[in-house]
Amino acid sequence: MTAIMDELVSSPAREKYDQKTGSALPSTAEAGFSVGSAAFKDQAANALTNDQGLPRLLYELAVRLPAQPDIQALCVWLYEPVGKATRLHVLMADLPVKLRNDMDFPVEDSVAGWVWSMQQPLMINTNAEMRFPDFARCLLEAGIESFCGVPLTIANRRIGVLGLASTKPDGFCHLKLQFMQRSPNAANVADNLAAVESPICSDGQHEKESCYVDEQIQAEDKFEDIIGRSASLRAVFDEVKIVAPTNSAVLILGETGTGKELIARAIHNRSSRRQMPFIKVNCAAIPSGLLESELFGHERGAFTGAIARKIGRFELANGGTLFLDEIGDIPPELQPKLLRVLQEQEFERLGSTQTTRVDVRIVAATSRDLPQMVANREFRSDLYYRLNVFPVRLPALRERPEDIALLVRHFVDLYAQRMDKPVERISKETMQVLLTHPWPGNVRELQNFVERAVIRSPGKVLQPPLGELKAPAADPTASNYSAVSNGTTLKDAERHLIMHALAETEWLIGGAKGAAARLGLHRTTLLGKMRRLGISRAQA
């Protein structure tokens, strides 16, 4: 294979390199080392840290890749802007190659074109490939069962696509591509190369813990900032694509931590309003007395403390999208005014008699059961029907377990890079626990858990605190019962329950995690009981 490689590289690449640098590219024999030797690793690492041009880069890759027994061919596709195609150049082949040099493949109908356009690696099995049938057929005729395309860049400039071919259907299941990347630290390149060539760890011991073979996160697994390939999540993406170009109101339903804000932002980014503001309001996080001013604004002197005019969120979102998160926590006295602005697109600021007209698209979200709230007369039915023009329900993480591995891999890479930690592998045991955990907090809980795990991991293998997941959840009502038993009268018992709920929620009254929800009361009902019982924050 090395002889074939030397012959193929020497003609175009060696001559260009000779003319440019005045020195010849060395063959493997001239280099004085064998593939896989320590001398080779050092020289390859030093060479790859310098940008010496495309011929040198291709030659070094051709020397290094024979160390991979499953790779039988190395090619490069260079982009041809005139024909908007990728042109094949065979650098190395250890099989009866029927692919000839200078063959052009359209960008839109080949793996190489896809990799060039998306700048993402892509691995395919040519027998099962359906997206690029003509390209796969050409590979099959050459005896290639699996193919891997990698973006080829020099100094952050797109050059083309590096193609690796194998006669095995699963030739790239365990291939690591990091060793082909330039690094400012030569030792890192040598270490990566050593990790690819040998299953032996750096300390000379075999890896004791079997690691989970994680899947590559492909571009098609990402929708805006949302990662997943499950059927239920794909159905949500399809609904977003349908409703986004319209101006209709959207109601996003789902448990806490499922990514409702990301879906709302995706709707905005895919609409004709994407160049206009995207304003968000958490209706549960703002006290009810200030929420009206926050949404609609106020004039100077409208109430005590209003020392200047304030522009509300509706005016700030004029021409764009207003995202009303936790819409189920909006107080009843504010619901008629919100209904009017949804229907008429007009309102008055607090303390003003002048009507203000706006053009705002509403995207609302809630984790509460709005139909049940309507039945309990806690939420206006006409406002619910006005918001529920196009409902989008987000599945809980336990409903799409096939996405957990992708999310774990994404968060591990994200936090390892942020914290500059070497975590890159996940054990099978760890992944099995993560896949079977119900994740009541959904993606938010998983993300926080992985971040904590990366912080705790000193080496390359993720070491999460799995005991936290296996521990049974404490009964939140146990302490409430003890509080009730201490009261001698109904009034005392009620006071104990309210004070305990307020202490547990740090005096957060409204919202899904507030004291009112914990006690099964509406926010205004709880406030009335607190006034009647003389409960105030000063007593905390």
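Scroll up for the structure.
Cut-off values and rules
Starting from 1, residues in each chain are numbered consecutively following that chain's sequence as written. Only residues with pLDDT of at least 70 get local features here, since the model is predicted, and only at 80 or more are side-chain atom pairs given and counted; chain-wide, interface and lining totals rely on the full set of residues. The basis for every side-chain value is the complete set of non-hydrogen atoms in the structure, without hydrogens or water. Helical segments are the DSSP runs of H or I of at least four residues, strand segments are the runs of E of at least two, and each set is numbered from the N terminus. Exposure categories follow from relative accessible area, calculated using a 1.4 Å probe and restricted to protein chains: below 20% of the type maximum is buried, above 50% is exposed, and the middle band is partly exposed. Here the Shrake-Rupley method, with its probe set to 1.4 Å, supplies the accessible areas, and only the displayed protein chains count as covering residues. Contacts: residue pairs with any heavy atoms within 4.5 Å of one another. Note on definitions: salt bridges are taken to be side-chain nitrogens of Lys or Arg within 4 Å of carboxyl oxygens of Asp or Glu. Remark: nonpolar core denotes a set of buried residues (Ala, Val, Leu, Ile, Met, Phe, Trp, Tyr, Cys) joined through side-chain atoms within 4.5 Å. The directions considered for the arc run from the helix axis to the C-beta atoms. When DSSP finds two or more bridges between a pair of strands, those strands are recorded as paired.

Asks: A description of the overall build of the protein should follow, citing residues and the corresponding values.
Replies: Within the protein one finds 22 helices and 15 strands. The 540 residues of the protein split such that 46% are buried. As presented, the protein carries roughly 26800 Å² of accessible surface, and 51% of it is formed by carbon and sulfur atoms.

Asks: Give a detailed account of the environment of Pro 440, specifying residues and quantitative values.
Replies: With respect to the secondary-structure elements, Pro 440 resides in the loop between helix H16 (428–436) and helix H17 (442–456). Note on Pro 440: relative accessible area 53%, which makes it exposed. The contacts of Pro 440, once residues within four sequence positions are left out, are Glu 255 and Glu 445.

Asks: Residues and numbers for the pattern of salt bridges, please.
Replies: Enumeration according to the criterion identifies 22 salt bridges in this entry. Between Glu 468 and Arg 456 there is a salt bridge whose closest N-O contact spans 4.0 Å. Highlighted residues: Glu 468 in helix H18 (residues 466–470) and Arg 456 in helix H17, separated in sequence by twelve residues. Each member of the salt-bridge network shares a partner with another, and the members are Glu 299, Arg 309, Glu 315 and Arg 349.

Asks: Quick one: what's the story with the nonpolar core, residue by residue and with numbers?
Replies: One finds Leu 295, Phe 314, Leu 322, Leu 324, Ile 327, Leu 338 and Phe 379 to be the most contacted residues of the largest nonpolar core, which totals 31 residues. Those elements giving two or more residues to this core turn out to be strand S10 (278–282), helix H10 (288–296), strand S11 (321–325), helix H12 (335–344), strand S14 (361–366), helix H13 (370–375) and helix H14 (381–387). In this structure, Leu 295 is in contact with Val 281, Gly 312, Arg 313, Phe 314, Leu 324, Ile 330 and Leu 334, ignoring residues within four places of it in sequence. Ile 404, Leu 407, Ala 416 and Leu 434 belong to the second-largest nonpolar core, a separate cluster that totals 26 residues.

Asks: Go over the environment of Arg 377, please, and point to the residues and values.
Replies: With respect to the helices and strands, Arg 377 occurs in the loop between H13 and H14. Arg 377 gets classed as exposed once you look at its relative accessible area, which sits at 79%. For the pair Arg 377 and Pro 332, spaced 45 residues apart in sequence, the C-alpha to C-alpha distance is 9.4 Å.

Asks: Please give an account of unusual backbone geometry that cites residues and values.
Replies: Despite not being glycine, Glu 326 has its phi angle at roughly 55 degrees, a positive value. Relative to the helices and strands, Glu 326 resides in the loop between S11 and H12. At Trp 439, a position not held by glycine, the phi torsion is positive, near 50 degrees. Looking at the secondary structure, you find Trp 439 in the loop between H16 and H17.

Asks: For helix H22 (residues 523–533), give the residues involved together with the corresponding values.
Replies: Those residues of H22 that fall on the buried side of the exposure criterion are Arg 523, Leu 526, Met 530 and Leu 533. The buried side chains of H22 occupy one side of the element, clustering within an arc of 95 degrees when seen end-on. A positive backbone phi angle near 70 degrees is found at Gly 534, which sits one or two residues after H22.

Asks: Tell me about the pairing of S11, and please be specific about residues and values.
Replies: Extensive coverage of S11 is indicated by the burial of five of its five residues. Along S11, one buried face is formed by Thr 321, Phe 323 and Asp 325 and the opposite face, lined by Leu 322 and Leu 324, is buried too. Bridge count for S10 against S11 is five bridges, and the pairing is parallel. Each bridged residue has a counterpart across the sheet, and for Phe 278 the counterpart in S11 is Thr 321. Relative to S14, S11 is paired through four bridges, and the arrangement is parallel. Pairing of Leu 324 across the sheet is with Ala 364, part of S14.

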